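What follows is the residue order along each chain.
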2 protein chains.
Amino acid sequence: MAKNGNISASVIKRLPRYYRFLGELEKQGVERISSRELSERMKLTASQIRQDLNCFGGFGQQGYGYHVCSLREEIGHILGVDKEYPTILIGAGNLGKAIALHINFETRGCRLVGIFDANPRLTGETVGSVAIRHTDEIEAFCNEHHPVVAVLCIPKANTQEIADKLVGLGIRSFWNFSHYDLTIDYKGIEVENVHLGDSLLTLTYRTNQLDSE
Amino acid sequence: MAKNGNISASVIKRLPRYYRFLGELEKQGVERISSRELSERMKLTASQIRQDLNCFGGFGQQGYGYHVCSLREEIGHILGVDKEYPTILIGAGNLGKAIALHINFETRGCRLVGIFDANPRLTGETVGSVAIRHTDEIEAFCNEHHPVVAVLCIPKANTQEIADKLVGLGIRSFWNFSHYDLTIDYKGIEVENVHLGDSLLTLTYRTNQLDSE
DNA sequence: ATAATATCGTTATTTATTTGACAAACCTCG
DNA sequence: CGAGGTTTGTCAAATAAATAACGATATTAT
């Protein structure tokens, strides 16, 4: 059924948005939707929606459209929302704490099992329901709990070093918020760099363009 | 000099990264760099770098390469880092506070001049050097200080309503962190939606793919 | 049951983006 | 100051992505 070969990054980036919109529709009690109607709500073309979805299989039905609830489940399954990848977060500064509290890891296939910070003053404090441990404990913790995903909220100077160490401890995916472009040379390691500063700068550029028109 | 017509979004998204890398090079004391060498450091093609930069003008010199310092300044100027757009932040929860403290607005053409929250308990508290005001004060504040950029760190339910109101008060650019796809129908308004949850989900997808190979 | 309508899945076309190629321009060194 | 070597800016080709077109199939109404 799933003709999941190698899907382009462009398609993958749109999947979470489909998933969100379908969730909203489900909440609103909408049972079925056509690619045309969904395209109007999401402000993209019906053709694109049909083509995106067909990368993974024929979830719709001619003359009817898509069943909201089951399409959402299919996409969720493709994305892996039903996984429970043990996840650790390194760096419990302002941003680290906010991410820990603000992101619902559970609904995105991840389970936040540990938070670490180099500052001993933070040790023992809890964020949400997770205690902050000292970074010295990372190795022992990984050997016991085998986390797979690491969220990096640390200064850029240490990022590469810490990431390399974590790879050695079994981490396979990095969600990197540090002000540094993380690249891992080992194969089979995934990195998602989030550069909030870059995001703001592109907005500044566009704000700037508005002025000069 | 600047043949700044209409630049594609793909190019714009890469500019902040060039800016960052050039900043690092400058810090390291590198005076000049060729597109080939920069391409190796940034893991993209030299051809792309040359073509990207040429959207804005010929900043390099044959046989020499690019002068790191002045190229950085040029890109910075294009992005608008030397602007001082008055910026307000709505929603001083965990994420709002973290953004206020963690992002260096000044180096990105923005000046954080006000923070607002609907919770009266937060009123008077300061984040960094900016006091939190009650959301009731937004209108008066905008009339006095004329902010241009708004950072939204609020629940999705209120986002569209608040954004529409802010447009009426003169806001022209939104940096939206709420779990909602903001779209503004008025022309001349820019929106940068940041969906951290979507970012994590794409990572989960890739983590998932690692498993099934 | 049949016709009319809606809508998908898929192929073809168009558009956008990336990569490659190369002449012109400049630097560097003797 | 001139030759040899670099490296750009730009044009052309290749690749990727988005859009449009359309036959096939299901739904719905009569």
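Located above this text is the structure these notes cover.
What counts, and at which threshold
- Residues numbered from 1 in each chain as written.
- Chains lettered and ligands numbered in written order.
- Predicted model: local features only at pLDDT ≥ 70, side-chain atom pairs only at ≥ 80, totals over all residues.
- Heavy atoms only, no water.
- Helix = DSSP H or I, 4+ residues; strand = E, 2+ residues; numbered from the N terminus.
- Buried < 20%, exposed > 50% of the residue type's maximum accessible area, 1.4 Å probe, protein only.
- Contact = heavy atoms within 4.5 Å.
- Buried area = accessible area lost by both parts, 1.4 Å probe.
- Salt bridge = Lys/Arg side-chain N within 4 Å of Asp/Glu carboxyl O.
- Polar contact = N/O pair within 3.5 Å; in protein donor to acceptor, adjacent residues only side chain to side chain.
- Nonpolar A, V, L, I, M, F, W, Y, C, P; charged D, E, K, R; others polar.
- Pairing = 2+ DSSP bridges.
- Axes fitted to C-alpha atoms, helices over the stretch in contact; angles between N-to-C directions.

*Asks:* Is there a simple way to explain the environment of T202 of chain B in this structure?
*Replies:* Note on placement: T202 of chain B falls in helix 8 (residues 196-211). A residue is classified by how much of its surface remains accessible, and T202 of chain B, at 7% relative accessible area, is buried. In this structure, the C-alpha to C-alpha distance between T202 of chain B and S212 of chain B, residues ten residues apart in sequence, is 16 Å. When sequence neighbours within four positions are dropped, the list of residues in contact with T202 of chain B reads I12, K13, P16 and E192 of chain A.

*Asks:* Can you walk me through the interface of chain A and chain B in this structure?
*Replies:* Size of an interface: often given as the accessible area lost when the parts come together. Each side of the interface is counted separately: chain A has 65 residues, and chain B has 65 residues. Overall, the association of chain A and chain B removes approximately 5800 Å² of surface from exposure, summing both partners, and the carbon and sulfur fraction of that is 60%. Between chain A and chain B we count 15 salt bridges in total. For the salt bridge of E192 of chain A with R206 of chain B, the shortest nitrogen-to-oxygen distance reads 2.4 Å. There are 34 residue pairs in polar contact (both at pLDDT 80 or more) connecting chain A and chain B. Where the side of chain A that touches chain B is concerned, the elements lending two or more residues are helix 1 (9-27), helix 4 (68-79), helix 5 (94-102), strand 8 (173-176), strand 9 (190-193) and helix 8 (196-211) of chain A. Counting residues per element, the side of chain A that touches chain B draws most heavily on helix 8 of chain A, which supplies 16 residues. Looking at the side of chain A that touches chain B residue by residue, the class counts come to 30 nonpolar, 18 polar and 17 charged.

*Asks:* Can you walk me through the sheet that holds strand 7 (residues 149-152) of chain B in this structure?
*Replies:* Across the sheet, seven strands lie side by side as 5-6-4-3-7-8-9 (chain B); this open sheet has mixed pairing. Looking at strand neighbours, the two that pair on one side only are strand 5 (126-127) and strand 9 (190-193) of chain B, the edges of this open sheet. Sheet topology note: the strand 3 (residues 85-90) of chain B/strand 7 of chain B ladder contains four bridges and is parallel. Bridge pairing in strand 7 of chain B links T87 of chain B to V149 of chain B. Strands strand 3, strand 4 (110-117), strand 7, strand 8 (173-176) and strand 9 of chain B of the sheet are contacted by helix 8 of chain A, whose axis makes an angle of about 170° with strand 9 of chain B.

*Asks:* Is there a simple way to think about the pattern of salt bridges in this case?
*Replies:* As a working rule, side chains carrying opposite charge can pair if their charged atoms are close by. Applying the stated rule across the entire model yields 27 salt bridges over all chains. Its salt-bridge partner being D198 of chain B, residue R20 of chain A comes within 2.8 Å of it at the nearest N-O pair. With R20 of chain A in helix 1 and D198 of chain B in helix 8, this residue pair bridges two chains. Each of R17 and R20 of chain A together with D181 and D198 of chain B takes part in a single network of salt bridges with overlapping partners.

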